[in-house]
Amino acid sequence: MKEPDDQDTGEGRSERSKSDGKQSSKPAAKEDATEEALTEGEESYLEEKDSDEEDLEGSSSSIQDDYLETIRPSQEAPAPALEEAEEAVKKKISESFFYDYSELASMPFVTPDSNIPLDLLTLVHSFGYDCRKRANLQLLDSNTVMYIAGNQLILLNFKTKEQTYLRSSSGEGIGVIGVHPYKTHFTVAEKGSYPKIIIYEYPSLKPYRILRDGTEKGYAYVDFNYRGTLLASVGSNPDYTLTIWNWKEEQPILRTKAFAQEVFKVTFNPEDEEQLTTSGSGHIKFWEMAYTFTGLKLQGLLGRFGKTATTDIEGYMELPDGKVLSGSEWGNMLLWDGGLIKVELCRAAQKSCHQGPINQIMLDEGEVITVGSDGCIRIWDFETIDTADSVDETGLLEIEPINELQVDKSVNLFSMIKMNETGNNFWLAQDANGAIWKLDLSFSNITQDPECLFSFHSGAIEALALSPLTYLMATTALDCSVRIYDFASKTPLVHMKFKQGGTTLAWVPRMVSYTGAQIIVGFEDGVVRILELYDPKGLTIFAGRKKVLDADIHLKYVFKPHTDHVTALAYERDGEILATGSKDHTVFFFEVEKDYKPIGYINTPGPVIQLMWSTISHPESTLLIICENGYVLEAPCPTIKEEEDDHDVVSYEIKDMCLKCFHYSSVKSKILRLIEIEKRKKKKELKEKEREARRKLKEEMGEDGGKELLDEGEEEEEEEPLPELFMPPTPSPILCGFYSGPEKFWLSFGGYDSGFLYHCAFPSYDKESDFKGQKDEPFDFCFLEDTEDNPIQAITFSINQTMMFCGMRNGAIRVYTLSENDTSLTNLVEYWHFSMHDNNYGCIKSISTSFDDRFLVTAGADSNIFVFNIFSEFVLKKELKAKVPSPRYGIESEPIPEDIEDPKVYSIENARRKRKHDKLMKEVEEIKAGKRERIKALRNEFLKLLAMNKELPKHMQFKRTDFDLDSKIRADIDRKTAHKIQQVEKELAWEKEKHELCLMKLQNRFHDALEGDVVVVHAIQSDHKISSYRLVKPSKYSKLKRPSQAERRQSKFERFEKEGLGKKDSRRDTDESVSIIEEAIMEKEKKFRPRTLSEIMIENQIEKTRKLILKAERAQHKIQQRKKEWEELYKSKPDDDYEDPKDVQAIKEAQVYMGDFNLKTAPDYKIPEHMRINAAKKEEELGHLDSLAHSKKMHMNKCILSIRDLKVAVIDEIQCLVQELKNIQLSLDISKHIPIPQVPQIYPEEVPERRFHYDEETLLRFKRQRMKSRDENSSQVEQIESGSSGGGFLKPSSGKNGDLTSRDSIARSSRASAYSLDIPKLTEFEKAEPTDVELEIMKRDEIKHLYMQQYLSNRIKELIITFDAELRLLRHHKLKLDTQMKLSDLHHLTLFQEMLLLKNFEKQENILQERVNSLDKEEQDMQWKISETLKEMEEKKIEITKLQEQEKALYAGFQAAVGENNKFANFLMKVLKKKIKRVKKKEVEGDADEDEESEESSEEESSLESDEDESGSEDEVFDDSICPTSCDPALFELALQLREKRLDIEEALVEEKKIVDNLKKEYDTLSKKVKVVATNLNAAEEALEAYQREKQQRLNELLVVVPLKLHQIEYMVFGEIPSDLSGTLVFSNHSLGRLQERIVQLQEENSKQQKLNKECRERRKQLIREKREMAKTIHKMEETVRQLMVSKFGRVIDLEALQTLSVNTTLEELKIRKLRKELSNAKEMKMWEEKIAQMRWELMMKTKEHTKKLHQMNDLCIEKKKLDSRLNTLQNQQGNAFQRPRKADIVAKERITELIRTQSERILALKQEIALLRKKGGLILPPIQSVQETDVKPTEL
């Protein structure tokens, strides 16, 4: 089989593996040679190549070669010509070079050797928009937008609605797009295997550049830098590669892995192109291009969330100072600084900035714009965000937006781009819910409302249907909308929204609706709606009607047959029955003619995905039901019952329907096994033929050669086992199917069984068969090329059945050509294949052809709808337009059926079951009602018996318990009653909690905000009353204190002044302490070390020298101190134009407080610094006014409450007194009674807090009132109401605060009542005639009682009068306070108006103030730098003078050392002054060795040359390296040493002078900058002053209310007040008096200043006289000193030089060094003498040892002689017996001889060693040993 992406080129097909896209942009050879596609500009590029090659080598970007080497092997090796072309492109690409679009764009695949044209389908229009794709809306110019639609890039002119298409080159989709900042180019980053980034020129749309090898599978985001010279791209899964491109040269500059998880976005920092930011899933990362020792690298810093929860970051923005502001999933903004979260920004009360994720953050015109998924756009102050910092541990900072725009409720804003329209602030917004909006963010009075430019489906398009009559198309999706399009004229007509999303859709056939105006739609909640489309222009148009649309939708029918998603809709071929299928495993049938009357439903073994009625060619009308889980059913047409009463039927289920079932069993493994067997069979046949050929060859070649051939042929390979049969554990899902004949059908599967179309047939019907246990196999199959992982998702046929259109899972369209009436699909070989929808998520959900086969329409899961023109020889010459059906007669008056909006509504089946259940429940309730009536009759009879029992005599009455049949029954009833009460309490618990919460919320809203309610206190006798203030809690202004612009933090200079000195001192102290510790340790070591005589001598010499040096230093220090005092004295001398600071300050104070009154309305009025006001200060002033008014009102309220408490106490006391008065009057005659005063009442408004106190009785009273309002005629309720009316408002409650009566008053009343009860007890005894004494006592008691009666009455009156007087006095105070409060309110209004005005000025004022502050700070920093530079210059000058003094001292010391009469003085002075150019010391080390050697050699050469030049220039040549013969060597050495020191001093002087020169240059530069900054600062201050003046003028325009009395008006005209007071001024008496007093003060100050001036003149004259006398005295003393010098020294000398020459430190140091050297040499000589003595002793010992050994040798020689003589004697005696010597003797002799030889050698070596030891410094060698020494042993003789 051939690959779909390979075309027949005549050179064979490519062996390259094919992608899922199934097409390529060209043949394989052409694809590899894309770079060779030359245009007109390439010729010039080839000509310019040689000339520009050198320039490019130096400017080429660094490429990551390692990365490219790892990628290139996985790709095809290009041809040599292609490599050369690529090399040429890499070297230089001409700016006029373009690629050929026709070579790049992907083309359809057509089966080779077929007659299918390439342009079988031509894209006509796109109705969709992938609104959920990131950054899928880009603006090219003011009228053109660009977005991705599957494999197409669409350029849309939103004014003319025209579309332009660019195809992808890979055929596997487009990842992301981007636009150049200058709108001259745009980028298309594709998807696929190592996809390309193609950069097109706009508006020519020519491919300009192609970037390759940037990622592995696809691009996620691209972004140009601010200048458009670089391009950043980030890849998607799996590599997430971040690449920086030099896109004009098609070269990557940097490349690295961005992160391990999904990366959403990458952008350059607009302010710094070397900084980038990436964000994505759970991370944000900050990148920087940095130079390292290996070159330019990308260094990434991962943001750490810390305490903040990790979040996906979709939107972010780089701030100018490097910080980054990002969004979060919960809607707050995060401010990042240095990889950490600096602060989290939220709104007031910790509300999130957006309700949901923030998708985009931008900076526009100094304002931060955030775009949220909640449909809101909010504008924030940039300065507030930039300077934000956390204020507490939560890390949150509350800010409020400046402006906000709510686009719509159902809007999810994903991104925005600004339209470049001058004078307008228009933006285009991408709505993730399927729209493109035009927004006006000007926030002015003429701001336009948001305008929806385009509306689309959001998310996957679930279904599509085309009209059977015209060019109309209907679509639906889960976004709850149904849309109608005219695809011929490329126009969307109308859409309708619902509560639930649509899942399937079909156009009602013409048999049902002849006009083709009806559409049936199934929804996800199980509802089916039938919509009627009509042209509203055919309706009667009334006056004032809105704009008439081209089409409208009318809801005709609605019913709910299912409880889950409706997945399939199908009309029977005659249009009589409608079948609906659902995921709830049911298929429902409806009778169409009777307004879709339900027939019934059947259950299916799985979720239904497709329904298909048999065509007319079938003998019977049957329904093909395809279930997702592998079941396929065939149902006959249900019988339609006649009209009958079916109310008794419980369910709509059809149980007696004869269903045929096919349960698919996987056969793919069997098919693969058969294919493998067929392959092996063919292979065997070929081998058999080869064997036959070998046999024939054997016969020809003979036995030997034939045997070898036979052996080779007999070696057969072992056969591999056949593929095992496999059954997938989960059944493969059925994707689609269709009828092929009666009881036969084709199926397309996903999962394991994909790759084939299976031809199946239903088994014979068996009523008792079980569907679940059934296993069936297809009887035929058809192999589909390249559908193993890309199955067919949807299938449709042309009208004449000659083409089969297939929608693939990867979004491609495949068209198979068929033979006529070929239902068996025998010729399913030739096909046309092209990718259109997105390859990753663009699965084609629906595919359909128009009624005349001219158009093909596809709808995918990527929200795209494509309309294609099907190839035809007949070319359409006229424009097509769909005809919208005309409205039916009376459609406008036809009632709209009630729609089903609640998803919980019962389905048809459930509703029927519910009706049956309700009927049963009704019958049960009727039975219960009968039982209750019977119980009621029995209860009435029982009550009659109880009444009769009561009428009987008591001894005959039955007890109540006697009527109980069983005591357990009553107990059970009581228990049940208690249980019911508990149940009721539980049932009402929620209501109770709800009402408690409502009460609490009302209290929080209305009552808790009050600090004091209105209390009205009434007088007792008069009508006077006083009311308190209704106080709320203090306003926000009294609590708010925000920092004003003037309150700035200290500058760096101020902080440095405060902290820097302390730090320096602390460092100096630490250094000194460390040095002191080290010195102490050294001194301790010196103390505990024993000192020698030489050390004591050296120390004495050092101490002597130190004292001399110290003496000289003291003298020098004294001289320096005197110089310093003189310098300070001269510095303190004032200049001629010097002004005393005190005088300057006094002048300033006089100018400020001169006493004049500058009017704020004057045009030249300058606002003093302390009088400048801003919004913050005004808010503080407003808060202070509020708090002051609040405190005064609080005080008055306390006074009113205290008088209310006084009234309560007075009433309590009056009650006690009245009770006592009543008790007294009981003992008096009635004629002597005086009227009892009435007890005052407490009014309800005096105790408003009691309104919130209630008890059970209050609640019962409220209940009775409600009952009374319901039934006013009930007398029983009236009696209860009258009985309860005595409680009154002051009914005490059970709470603690229920009554205000004090305990003392209660006690007094109780005592009084007790007293009154004791008096009447005396009258209980029998009456008797009173005696005289008793009469006297009674008379006295009567007088006493009359007095007490009068006293108590007067006391009551006194209490009332006193209380009324207190109330009137407090009322008078309150009236005054009311006046003040009214004035305060007027002032508050004025301040509030001023604050609003100041807030309008605040932003610009802050900007100006910030500029002034920054310039001021910059000036201070520069002044500080200048002062530091001057200080450093002074220090360097002092160091230069010190070095010059050292040089003078050096020469003076050398002259003193040489003496006056030295004849070599000139020579030594020349040696000292000789100029030698020395090699400079290297300050920086670490360079390479070769560089150091080369530099040293060059410096040596230069120094030698300079020395030769200098020596040649001298008149007298002398050699300074040799001391003259008679010259003192010490002086010569001293001269050389001092010359080195002089050279060091001169080098130091040169360096210091260079530093001084540099400091002077820096000082001059800073001075110039300071002047510029000062000029800018003055301009900024003038601008700020002008703005302040403008603000003051606007403040002056505000009206201020000033109440005046007539006596306060002093402006009179002819003794009368003029009618026009506009020219008057309002002055306070205090200010006027202060101005008048200031006149007198100024006169007094003037006289004082004149007197002081006179005294100063006298003082000046006296100082001039004293100066003259001092000058004369100085001259006399100078003359005296000169005479003394001449008399003592013979000439005038420099005393300072004489004092410094008192000690020659160099000479003293040399002497000390000489002494130390002599002592060290003496020690060394002593050490060597000890060593010599030791060696002499060792030599003596060795000599003794050698002498001893010589004596031993002598003894041995003597013994040898003796032995020789004895041996000779023995030989002579026994020689006759033995003629030859014995063998043992020979051996012994040899041994002795060897021993003697060895000993002689050792003796010789010892002698040599002794001779060496006698020499001084001789080298001692080890003794020489022979090899045989170890073997020789002395033998005993």
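Predicted model, so just to flag it, every value in this text is computed and none were measured.

Reading guide: rules and limits
Residues numbered from 1 in each chain as written. Predicted model: local features only at pLDDT ≥ 70, side-chain atom pairs only at ≥ 80, totals over all residues. Heavy atoms only, no water. Helix = DSSP H or I, 4+ residues; strand = E, 2+ residues; numbered from the N terminus. Buried < 20%, exposed > 50% of the residue type's maximum accessible area, 1.4 Å probe, protein only. Contact = heavy atoms within 4.5 Å. Areas by Shrake-Rupley, 256 points an atom, 1.4 Å probe, with all protein chains shown as cover. Salt bridge = Lys/Arg side-chain N within 4 Å of Asp/Glu carboxyl O. Pairing = 2+ DSSP bridges. Axes fitted to C-alpha atoms, helices over the stretch in contact; angles between N-to-C directions. Patch = residues over 30% accessible without salt bridge, like charges linked within 9 Å, V, L, I, M, F, W, Y side chains within 5 Å. Lys, Arg positive; Asp, Glu negative; His and termini not counted. Charge placed at Lys NZ, Arg CZ, Asp CG, Glu CD. Core = buried A, V, L, I, M, F, W, Y, C linked by side-chain atoms within 4.5 Å. Phe/Tyr/Trp six-rings, centres within 6.5 Å; stacked < 30°, edge-to-face > 60°. Lys NZ or Arg CZ within 6 Å of the ring centre and 35° of its normal. Parallel < 35°, antiparallel > 145°, perpendicular 65-115°, else oblique. Left-handed = near helix turned anticlockwise from the far one by under 90°. Nonpolar A, V, L, I, M, F, W, Y, C, P; charged D, E, K, R; others polar. Disulfide = S-S within 2.5 Å. pLDDT = per-residue confidence, 0-100.

Asks: Residues and numbers for the overall build of the chain, please.
Replies: Helix and strand content of the chain: 27 helices and 62 strands. By the burial criterion, 37% of the 1837 residues in the chain qualify as buried. Considering only intrachain contacts with a sequence separation of at least 6, the fraction spanning at least 24 residues in the chain is 61%. Of the roughly 115000 Å² of accessible surface on the chain, a fraction of 52% belongs to carbon and sulfur atoms.

Asks: Could you give an account of the pattern of salt bridges, with specific residues and numbers?
Replies: Enumeration according to the criterion identifies 49 salt bridges in this entry. The salt bridge partner of K418 is E365, with a shortest N-O separation of 3.5 Å. Residue K418 is located in strand β28 (residues 413-418), and its partner E365 is located in the loop between β23 (358-364) and β24 (367-372); the two are separated by 53 residues in the primary sequence. For K418, a relative accessible area of 25% corresponds to the partly exposed category. Residue K668 pairs with E788 through a salt bridge whose shortest N-O separation is 2.5 Å. In this pair, K668 sits in helix α7 (residues 668-701) while E788 sits in the loop between β51 (780-783) and β52 (792-797), placing the two residues 120 residues apart along the sequence. Through salt bridges with shared partners, a single network forms among D321, K323 and D386.

Asks: I'd love a proper account of the environment of E1738, names of residues and values included.
Replies: Among the secondary structure elements, E1738 is positioned in helix α26 (residues 1705-1774). For the pair E1738 and L1813, spaced 75 residues apart in sequence, the C-alpha to C-alpha distance is 9.1 Å.

Asks: Break down the sheet that holds strand β19 (residues 316-318) for me, citing the residues and quoting the values.
Replies: Overall, mixed pairing links the five strands, which are arranged β19-β20-β21-β22-β26 in an open sheet. Each edge of the sheet is formed by a strand with only one pairing partner; in this case those strands are β19 and β26 (396-398). The sheet shows a mean angle of 25° between the axes of neighbouring strands, direction not considered. Both strand β20 (residues 324-326) and strand β21 (residues 333-337) contribute to a ladder of three bridges, which runs antiparallel. Bridge assignment links V324 to a residue of β21, and that residue is W336.

Asks: Describe a negative patch on the surface, with residues and values.
Replies: Taken together, the side chains of E1125, E1127, E1128, E1432, E1434, E1435 and E1562 make up a negatively charged region of the molecular surface. Among the secondary structure elements, those contributing two or more residues to the negative patch are α14 (1093-1131) and α20 (1332-1458). As for its position among the elements, E1562 is in helix α23 (residues 1529-1596).

Asks: So what's going on with the nonpolar core? Residues and values would help.
Replies: Burial of nonpolar side chains together is a common tendency in soluble globular proteins. Grouped together as the largest cluster of nonpolar side chains are 37 residues, with contacts concentrated most on M473, I484, F487, L505, L533 and I865. Ranked by residue count, the leading element in this core is strand β32 (residues 461-466), at five residues. Residues within four places of L505 in sequence aside, it is in contact with A463, L464, A465, A474, T475, T476, V482, I519, I520, V521 and L569. In this structure, I436, F454, W832 and L856 belong to the second largest nonpolar core, which totals 36 residues.

Asks: Break down a nonpolar patch on the surface for me, citing the residues and quoting the values.
Replies: Together, L1606, Y1611, M1612, V1613, F1614, I1617 and L1621 line one region of the surface with nonpolar side chains, adding up to about 740 Å² of accessible area. Note on placement: M1612 falls in the loop between α23 and α24 (1629-1689). We classify M1612 as partly exposed; its relative accessible area is 40%.

Asks: Describe the packing of aromatic side chains, with residues and values.
Replies: What the rule picks out here adds up to 44 aromatic pairs. Ring centres of F559 and F590 lie 4.6 Å apart, and the angle between their planes is 40°; on these two criteria the pair is classed as tilted. On the criterion of sequence distance, the pair formed by F559 in strand β39 (residues 552-559) and F590 in strand β42 (residues 586-591) is long-range, its members being 31 residues apart. Linked through ring pairs, Y557, F559, F588, F590, Y596, Y601 and Y652 together constitute an aromatic cluster. One residue, R529, lies across the ring of F523, its end atom 4.5 Å from the ring centre. Lying over the aromatic face of F1006, R1005 brings its terminal NZ or CZ to 5.3 Å of the ring centre.

Asks: Give me the packing of helix α16 (residues 1175-1225) against α20: which residues, what numbers.
Replies: At a minimum axis separation of 9 Å, α16 and α20 run at an interaxial angle of 165°. Relative to α20, α16 is oriented roughly antiparallel. Here α16 runs over α20; the crossing is left-handed. In terms of residue class, the contact of α16 with α20 is built from 29 nonpolar, eight polar and 15 charged.

Asks: Account for the state of the cysteines, naming residues and giving values.
Replies: Following the criterion strictly, the structure yields zero disulfides and no others. With no disulfide of its own, C346 lies closest to C353 among cysteine sulfurs, the gap being 6.5 Å.

Asks: Which residues make up the sheet that holds strand β47 (residues 660-663), and what are the values?
Replies: The four strands are arranged β44-β45-β46-β47 in an open sheet whose pairing can be described as antiparallel. A single partner strand is all that each edge strand has here, and the edge strands are β44 (608-613) and β47. With strand direction ignored, the average angle separating the axes of adjacent strands in the sheet is 15°. One ladder, built from five bridges, connects β44 with strand β45 (residues 622-627); its direction is antiparallel. Residue Q610 lies in a different strand from β45, and its bridge partner there is I626.

Asks: Just give me the short version of the confidence of the model for the chain, but keep the residues and values in it.
Replies: Considering every residue of the chain, the mean pLDDT works out to 80; 81% of them sit at 70 or more. Across residues 1-85, confidence stays below pLDDT 50; counting only partners more than four residues off in sequence or on other chains, it has 154 contacts. Confidence drops under pLDDT 50 across residues 1816-1821; counting only partners more than four residues distant or on other chains, this segment forms six contacts.

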